[in-house]
Amino acid sequence: MNILIVDDSRFLRTILKNMLTSMGFTETYEAANGLEAVRKAHILQPDLIFMNLIMPEMDGYEASKHILKNFETKIVIMSSNSISNTPLKDSDLGVHGYVSIPFTNSTIKKVLGKNK
């Protein structure tokens, strides 16, 4: 499975990438903002994207819209805000799950199990 991690925090991207690698996912890539995510998604065509919502240059909402307009992928929203406060509906963007930050190995495994 080809996975793209999109977050403006290098620290968070590294933690998630290390978790995924320890679970056997070796094709993991990173983007620091939504604009970079759109560019990389077109090249990599990831099977799954972990997308933060609040980022510079282009937020996760806009990036998700651009990406899903051009090809099929699964998007899991990562947010440090309460998920219930997220103004995003599954049907709006084809969202396949939510992960609260901070997350744990078991949280990531659970969302991966749903998105195989």
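Here, the structure is the one placed above.
The rules behind the values
- Residues numbered from 1 in each chain as written.
- Predicted model: local features only at pLDDT ≥ 70, side-chain atom pairs only at ≥ 80, totals over all residues.
- Heavy atoms only, no water.
- Helix = DSSP H or I, 4+ residues; strand = E, 2+ residues; numbered from the N terminus.
- Buried < 20%, exposed > 50% of the residue type's maximum accessible area, 1.4 Å probe, protein only.
- Pairing = 2+ DSSP bridges.
- Right-handed = clockwise from strand over helix to strand, strands pointing away.
- Axes fitted to C-alpha atoms, helices over the stretch in contact; angles between N-to-C directions.
- Contact = heavy atoms within 4.5 Å.
- Salt bridge = Lys/Arg side-chain N within 4 Å of Asp/Glu carboxyl O.

Looking at this structure, how should I read the environment of Pro 102?
Residue position: Pro 102 is located in the loop between strand S5 (95-100) and helix H5 (105-114). Look at Pro 102 and you get exposed, because its relative accessible area is 74%.

What is the right way to look at the pairing of strand S2 (residues 28-31) in this model?
Regular strands have side chains that alternate between both faces of the sheet. With four bridges joining them, strand S1 (residues 3-6) and S2 adopt parallel strand pairing. Looking at S2, one finds that Ile 3 is bridged to Thr 28. Traced from S1 through helix H1 (residues 10-22) to S2, the parallel crossover comes out right-handed.

Hey, could you run me through the pairing of S1 in this one?
Burial of S1 is two-sided: the residues Ile 3 and Ile 5 facing one way and the residues Leu 4 and Val 6 facing the other way are all buried. Of the pairings in the sheet, the one linking S1 to strand S3 (residues 48-52) comprises four bridges and is parallel in character. Across the sheet, Ile 3 pairs through a bridge with Leu 48, a residue of S3.

Quick question: what am I supposed to make of unusual backbone geometry here?
What is expected of a backbone is that most residues other than glycine have negative phi and most peptide bonds are trans. The peptide bond linking Ile 101 to Pro 102 adopts the cis configuration, its omega dihedral lying at 5 degrees. The phi dihedral of Gln 45 falls on the positive side, at around 45 degrees, and the residue is not glycine. Of note in the backbone geometry, Glu 57 takes a positive phi value of approximately 70 degrees without being a glycine. With respect to the helices and strands, the residue Glu 57 is situated in the loop between S3 and helix H3 (60-70).

Any chance you could explain the sheet that holds S3 here in plain terms?
Paired through their backbone hydrogen bonds, the strands of a sheet run either parallel or antiparallel. The strand order across the open sheet built from five strands is S2-S1-S3-S4-S5, with neighbouring strands paired in parallel fashion. With partners counted over all chains shown, the strands left at the sheet margins are S2 and S5, one partner each. Neighbour to neighbour, the strand axes of the sheet diverge by 20 degrees on average, direction disregarded. Along the sheet, H3 makes contact with S3 and strand S4 (74-79), crossing S3 at roughly 155 degrees.

Looking at this model, I keep getting lost on the pattern of salt bridges. Mind explaining?
Close approach of charged atoms allows side chains of opposite charge to pair. Per the stated rule, a full pass over the model turns up four salt bridges. Here Glu 36 and Lys 40 are joined by a salt bridge, their closest N and O atoms 3.3 Å apart. With Glu 36 and Lys 40 both in helix H2 (residues 34-44) and four residues apart, the pair spans about one turn of that helix. One salt bridge in this structure joins Lys 65 and Glu 62, with 3.7 Å as the shortest N-O distance. In this pair, Lys 65 and Glu 62 are both assigned in helix H3, three residues apart and thus about one turn of the helix distant. In this structure Lys 65 comes out as partly exposed when scored by relative accessible area, which is 44%. A relative accessible area of 35% places Glu 62 in the partly exposed class. Several salt bridges share partner residues, and in doing so they unite Arg 13, Lys 17 and Glu 30 into one network.

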